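Chain residues, written in single-letter form:
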Amino acid sequence: ASGDLIHLPTLSDLALTGDGRERIWQHSLNVLKDTWVTGSGLGTFSSVYALYEDPLLTTSTYINHAHNEYIEHAVETGLLGCLMLAGAILCLSREAVRSWMRPGRRQFAFQRAASVSLLLILLHSFVDYPARTGAVLVLGAACLFMLNFQTRVPPPPKDRPDQVRKARGVIL
């Protein structure tokens, strides 16, 4: 009897079928139709989302995020924020591709591992909000550092001894 009065959310409530994330995404896209130019403001998703929910379909489940980082980012930051995000992803992609195109396995192993980790975070962001959790945010920052860290490989030794550079003195 009391179980009928209280609805505890389950995984099926947020499944990718029927009334779960697809419904949240659809409502979020409705919000985006009105906020695409300037956005609603960072951190305002849950309050703005509530304004667009159909009161007849609203349940006791509180929607705090869009369960899609890209849709939520677009709602909150608008066109300019989307362009900035696209630019950041483009720069990240460029560095990731460079790490894989460079010769030498060992020197760039950390950069390649970082690029794969960042790719997984970016893909996960289509169905959830991993970058809004502290641990994943720190991991992503560490991967960005590793991806952009330039490994200096010493030049190969010269074949002839007469090509060795002479040290120059500095007079103070």
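**A closer look at the overall build of the chain**
Link 1 in the chain: Helix and strand counts for the chain stand at six helices and zero strands.
Link 2 in the chain: Secondary structure elements of the chain occur, N-terminal to C-terminal, as α-α-α-α-α-α.
Link 3 in the chain: By the burial criterion, 28% of the 172 residues in the chain qualify as buried.
Link 4 in the chain: Counted over contacts in the chain with a minimum sequence separation of 6, partners at least 24 positions apart contribute 63%.
Link 5 in the chain: Of the roughly 12500 Å² of accessible surface on the chain, a fraction of 67% belongs to carbon and sulfur atoms.

**Thoughts on helix 6 (residues 134–148)**
Link 1 in the chain: Compared with the 21 Å implied by 1.5 Å per residue over 15 residues, the 21 Å span of helix 6 between its first and last C-alpha is a close match.
Link 2 in the chain: Buried within helix 6 are the following residues: G140, C143 and L147. Summarising the axial view, the buried residues of helix 6 lie within an arc of 65 degrees, below the 170-degree limit, and thus occupy one face. Seen from the open side of helix 6, the exposed residues pointing more than 90 degrees away from its buried face are G134, A135, L137, V138 and F145.
Link 3 in the chain: On its buried face, helix 6 sits against helix 4 (69–101) and helix 5 (109–124).

**Quick word on the nonpolar core**
Side chains that are nonpolar tend, in soluble globular proteins, to be buried together.
Link 1 in the chain: Counting 12 residues, the largest nonpolar core consists of I24, W25, V31, L32, F45, V48, Y49, I63, A66, I71, A74 and V75.
Link 2 in the chain: At the level of elements, helix 2 (21–35), helix 3 (45–52) and helix 4 are the ones that each hand at least two residues to this core.
Link 3 in the chain: With four residues, the single largest contributor to this core is helix 2.
Link 4 in the chain: Excluding residues within four positions of it along the chain, I63 makes contact with I24, F45, S46, Y49 and E53.
Link 5 in the chain: If you look at the next biggest cluster of nonpolar residues, it comprises six residues, including L92, A114, L118 and L147.

**Describing the packing of aromatic side chains**
For any pair of aromatic rings, the description consists of the separation of the ring centres together with the inter-plane angle of the planes.
Link 1 in the chain: Taken as a whole, this structure holds two aromatic pairs when the rule is applied.
Link 2 in the chain: When the ring of Y70 is compared with that of F126, the centres are 4.6 Å apart and the planes differ by 45 degrees; the resulting orientation is tilted. In this pair, Y70 sits in helix 4 while F126 sits in the loop between helix 5 and helix 6, placing the two residues 56 residues apart along the sequence.
Link 3 in the chain: A residue is classified by how much of its surface remains accessible, and F126, at 44% relative accessible area, is partly exposed.

**Remarks on the side chain of S115**
Link 1 in the chain: Structurally, S115 can be placed in helix 5.
Link 2 in the chain: Judged by its relative accessible area of 8%, S115 is buried.
Link 3 in the chain: Residues contacting S115, with those up to four places away along its chain left out, are A96, S99, W100 and L147.

**Overview of the pattern of salt bridges**
Link 1 in the chain: Considering all chains together, one arrives at five salt bridges under this definition.
Link 2 in the chain: In this structure, E76 and R132 form a salt bridge, with 3.8 Å as the shortest nitrogen-oxygen distance. Here E76 is found in helix 4, whereas its partner R132 is found in the loop between helix 5 and helix 6, with 56 residues between them in sequence.
Link 3 in the chain: Put simply, E69, E72, E76 and R132 are held in one network by salt bridges that share partners.

**A word on unusual backbone geometry**
Link 1 in the chain: Within the chain, H67 stands out as a residue other than glycine whose phi angle is a positive 55 degrees.
Link 2 in the chain: Considering the arrangement of structural elements, one finds H67 in the loop between helix 3 and helix 4.
Link 3 in the chain: On the accessibility criterion, H67 (7% relative accessible area) is buried.

**Overview of the packing of helix 2 against helix 3**
Between two packed helices, what matters for the description is the angle formed by their axes and the separation of those axes.
Link 1 in the chain: For the pair helix 2 and helix 3, the least separation of the axes is 9 Å and the interaxial angle reads 95 degrees. It follows from the interaxial angle that helix 2 and helix 3 lie roughly perpendicular. Here R23, I24, H27, S28, N30, V31 and D34 of helix 2 lie close against helix 3, whose contacting residues are F45, V48, Y49 and Y52.
Link 2 in the chain: Across the contact of helix 2 with helix 3, the residue classes tally to six nonpolar, three polar and two charged.

How each quantity is defined
- Residues numbered from 1 in each chain as written.
- Predicted model: local features only at pLDDT ≥ 70, side-chain atom pairs only at ≥ 80, totals over all residues.
- Heavy atoms only, no water.
- Helix = DSSP H or I, 4+ residues; strand = E, 2+ residues; numbered from the N terminus.
- Buried < 20%, exposed > 50% of the residue type's maximum accessible area, 1.4 Å probe, protein only.
- Contact = heavy atoms within 4.5 Å.
- Areas by Shrake-Rupley, 256 points an atom, 1.4 Å probe, with all protein chains shown as cover.
- Expected span 1.5 Å × (residues − 1).
- Arc of directions from axis to C-beta.
- Core = buried A, V, L, I, M, F, W, Y, C linked by side-chain atoms within 4.5 Å.
- Phe/Tyr/Trp six-rings, centres within 6.5 Å; stacked < 30°, edge-to-face > 60°.
- Salt bridge = Lys/Arg side-chain N within 4 Å of Asp/Glu carboxyl O.
- Axes fitted to C-alpha atoms, helices over the stretch in contact; angles between N-to-C directions.
- Parallel < 35°, antiparallel > 145°, perpendicular 65-115°, else oblique.
- Nonpolar A, V, L, I, M, F, W, Y, C, P; charged D, E, K, R; others polar.

Functional significance is not addressed by these values, which are geometric in nature.
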